[in-house]
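# Examination of the molecular architecture
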Amino acid sequence: MVVREFKLVNEKGQEYSLMKWDNYCFLSDPSGLGYGYTTDYQQLGNTFVTNLRSFTQGKITGTVNFKSYDNYKALVDFIEASDNLRFSYKIPYKNGITKEYFKDIQIADISKTQIQPNGILSEAITFDCLSLWYEENTVNYTVVPSDDEIRWDFRWDSRFSDYDSRRLQYINEGHVEAPIHVEMDGPLVNPKIVLTIDGEKYQTVEVTTEIQQYEKFIYDSRENQFTIEKKKADGTRESLFSLDCLDIANNNTVRLPKNRSCEISLTADNEVLTAQLIIYPRYKAV
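Let us look at the structure shown here. Being a predicted model, the structure only gives us computed values, none of them experimental. (Residues numbered from 1 in each chain as written. Predicted model: local features only at pLDDT ≥ 70, side-chain atom pairs only at ≥ 80, totals over all residues. Heavy atoms only, no water.)

## Looking at the overall build of the chain
For clarity, the threshold we go by: The secondary structure listing takes helices from DSSP runs of H or I that are at least 4 residues long and strands from runs of E that are at least 2 residues long, numbered from the N terminus. Burial classes follow relative accessibility: with a 1.4 Å probe on protein chains only, a residue under 20% of its type's maximum area counts as buried, one over 50% as exposed, and anything between as partly exposed. Only heavy atoms enter the contact rule, under which two residues are in contact if any of them lie within 4.5 Å. Shrake-Rupley sampling with a 1.4 Å probe provides the accessible areas, and residues are treated as covered by the protein chains on show and by no other component.
For the chain, the helix and strand inventory stands at one helix and 26 strands. Principal-axis analysis of the C-alpha atoms gives the chain an extent of 70 × 65 × 40 Å. Taken over 286 residues, the chain has a buried fraction of 40%. The long-range fraction of contacts in the chain, counting pairs at least 24 apart against all pairs at least 6 apart in sequence, stands at 64%. In the structure as shown, the chain presents an accessible area of about 16000 Å², 46% of it carried by carbon and sulfur atoms.

## With respect to the pattern of salt bridges
What counts here: Each salt bridge in this description consists of a side-chain nitrogen of Lys or Arg and a carboxyl oxygen of Asp or Glu lying within 4 Å of one another.
For the structure on display, the rule yields 14 salt bridges. Residue Glu 100 pairs with Lys 7 through a salt bridge whose shortest N-O separation is 3.8 Å. Taken as a pair, Glu 100 in strand S8 (residues 98-110) and Lys 7 in strand S1 (residues 5-10) lie far apart in primary sequence, 93 residues in all. Each of Lys 7, Glu 15 and Glu 100 takes part in a single network of salt bridges with overlapping partners.

## A few points about a nonpolar patch on the surface
Our working definition: Patch definition: residues with relative accessible area over 30% and no salt bridge; like charges joined within 9 Å; nonpolar side chains (Val, Leu, Ile, Met, Phe, Trp, Tyr) joined within 5 Å.
Taken together, the side chains of Phe 226, Phe 241, Leu 243 and Ile 248 present a nonpolar region at the surface, about 390 Å² in accessible area. Within the secondary structure, Ile 248 is located in the loop between strand S22 (237-239) and strand S23 (255-256).

## Let's talk about the packing of aromatic side chains
Selection criterion: Centres within 6.5 Å are what make two rings of Phe, Tyr or Trp a pair, Trp counting through its six-membered ring; a difference in plane orientation under 30 degrees is then read as stacked, over 60 as edge-to-face, and the rest as tilted. Lysine NZ or arginine CZ positioned within 6 Å of the ring centre and within 35 degrees of the ring normal marks a charge as sitting over the ring.
Applying the stated criterion across every chain yields a total of 17 aromatic pairs. On the basis of an interplanar angle of 55 degrees and a centroid distance of 6.3 Å, the ring pair of Phe 87 and Phe 127 is categorised as tilted. Highlighted residues: Phe 87 in strand S7 (residues 85-92) and Phe 127 in strand S9 (residues 121-129), separated in sequence by 40 residues. Each member of the pair, Phe 87 as well as Phe 127, carries the same accessibility label: buried. A centroid spacing of 5.5 Å and a plane angle of 85 degrees characterise the contact between Tyr 101 and Tyr 283, whose relative ring orientation is edge-to-face. In this pair, Tyr 101 sits in strand S8 while Tyr 283 sits in strand S26 (residues 282-283), placing the two residues 182 residues apart along the sequence. Taken together, Phe 6, Phe 87, Tyr 89, Phe 127 and Trp 133 form an aromatic cluster joined through their ring pairs. Here Arg 53 stacks its cationic end above the ring of Tyr 37, 4.0 Å away from the centre of that ring.

## Describing the nonpolar core
Keep this limit in mind: Buried Ala, Val, Leu, Ile, Met, Phe, Trp, Tyr and Cys residues form a nonpolar core when they are joined through side-chain atoms within 4.5 Å.
By size, the foremost hydrophobic cluster in this structure holds 30 residues, and its most contacted members are Ile 180, Ile 193, Phe 217, Tyr 219, Leu 256, Ile 264 and Ile 279. Contributions of two or more residues to this core are made by strand S14 (167-171), strand S15 (178-185), strand S17 (192-197), strand S20 (216-220), strand S24 (261-267) and strand S25 (274-279). For this core, the leading source of residues is S15, giving four residues. Once residues within four sequence positions are removed from consideration, Leu 256 is found in contact with Tyr 170, Asn 172, Val 176, Glu 177, Ala 178, Ile 180, Leu 195, Cys 262, Ile 264 and Ile 279. Core analysis: the second largest hydrophobic core is formed by 26 residues, Leu 8, Tyr 16, Ile 105 and Tyr 283 among them.

## Description of helix H1 (residues 69-80)
Just so we agree on the cut-off: A helix's residues, less one, multiplied by 1.5 Å, set its expected span. For this quantity, the arc is that covered by the directions from the helix axis to the C-beta atoms.
End to end, H1 covers 17 Å across 12 residues, agreeing with the expected 16 Å (1.5 Å per residue, within 8%). Listed in full, the buried residues belonging to H1 are Asn 71, Tyr 72, Leu 75, Phe 78 and Ile 79. In an axial view of H1, the angular spread of the buried residues amounts to 125 degrees, which keeps them on one side of the axis. Relative to its buried face, H1 has exposed residues pointing more than 90 degrees away, namely Asp 70, Lys 73 and Glu 80. Turning to H1, the residues buried within the fold contact S1, strand S2 (15-17), strand S6 (59-66), S7, S8 and S9.

## Considerations on the environment of Glu 123
As a reminder, the rule being used: In protein, a polar contact means a hydrogen-donor-capable atom and an acceptor-capable atom, both N or O and within 3.5 Å, with residues adjacent in sequence counting only if both atoms are side-chain atoms; elsewhere, any N or O pair within 3.5 Å suffices.
Here Glu 123 lies in strand S9. Overall, Glu 123 belongs to the buried group, its relative accessible area being 1%. Taking the C-alpha atoms as reference points, Glu 123 and Phe 55, separated by 68 residues in sequence, lie 29 Å from one another. Non-local contacts of Glu 123, meaning those with residues more than four positions away in its chain, are made with Gly 62, Thr 63, Val 64, Tyr 72, Ile 110, Ser 111, Lys 112, Thr 113 and Gln 114. Side-chain polar atoms of Glu 123 contact the side chain of Thr 113, separated by 2.5 Å.

## Some points on the side chain of Ser 221
Along the chain, the position of Ser 221 falls in the loop between S20 and strand S21 (227-231). On the basis of relative accessibility, which here comes to 0%, the residue Ser 221 falls in the buried class. In this structure the side chain of Ser 221 is engaged in a polar contact, spanning 2.6 Å, whose partner is the backbone oxygen of Val 254. When neighbours within four sequence positions are excluded, Ser 221 is seen to be in contact with Pro 179, Ile 180, Phe 226, Thr 253, Val 254 and Arg 255.

## So, the pairing of S17
Heads up, the condition is: Two strands pair if DSSP finds at least two bridges between them.
For S17, a buried count of five out of six residues is recorded, marking the element as mostly surrounded by other parts of the structure. Turn length for the S17-strand S18 (residues 200-206) hairpin, with the two strands adjacent in sequence and antiparallel, is two residues, and the turn residue Asp 198 shows positive phi of about 50 degrees. As paired strands, S17 and S24 are joined by six bridges and run antiparallel to one another. Each bridged residue has a counterpart across the sheet, and for Ile 197 the counterpart in S24 is Cys 262.

Read these as layout, nothing more, since geometry by itself doesn't imply function.
Now the structure itself:
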């Protein structure tokens, strides 16, 4: 039988399993995987009307069980060596598909007692939740210059148009708007992101800049990671969020509305040979 899986993932892509006894630990009795609201009501006669309703932050709690003090220290070292942590939750659905969801977190507390007579060190752990659950739907677009071949490497169901238009069609089935992350390799002249909704052009982000070979144009519309920048060949980054490069009065935050037919175009004044698009559909509970 396929079971659900938990692990921690940091910004470097390193992982700490919460399912393996030997070198990691086993998370038991997890709680806080659902969601809730806090609501203030105003009474009008015998009727109560919603005055203010907000989504609660939430906490993930449970017991982490270790075979040794070494594994406990390894978990603490992993958390403290990470700048950003994500809680990974893999769910096997009855249709045979397993999906992986993430939630941004940070450690709140973990207890420390002693190994019990059964040989197990069992400690309470709490993570503060910083985001909704979300997926990472990644599409890589590459043209191989030698034979002008196009390769779409995708990990999710969608429909792609032909080479000339370079558009991706997508329906956001999440519970809220879905932000995106875009990387386009140079050389590029004036990269552009166009969002079309239900067949009508809705939004255009156009950046006046040149991205040289071995450089990247990077765009991210997530709330806490909003970015429009150039990554140079030496790894340094230059913000393109300026009046010289961008119409600041324009709506430059691309997010896909839920349950609408969306189309994303990645273009430039010259050919876009290599690009990556990540869409983050977000869910209140999964």
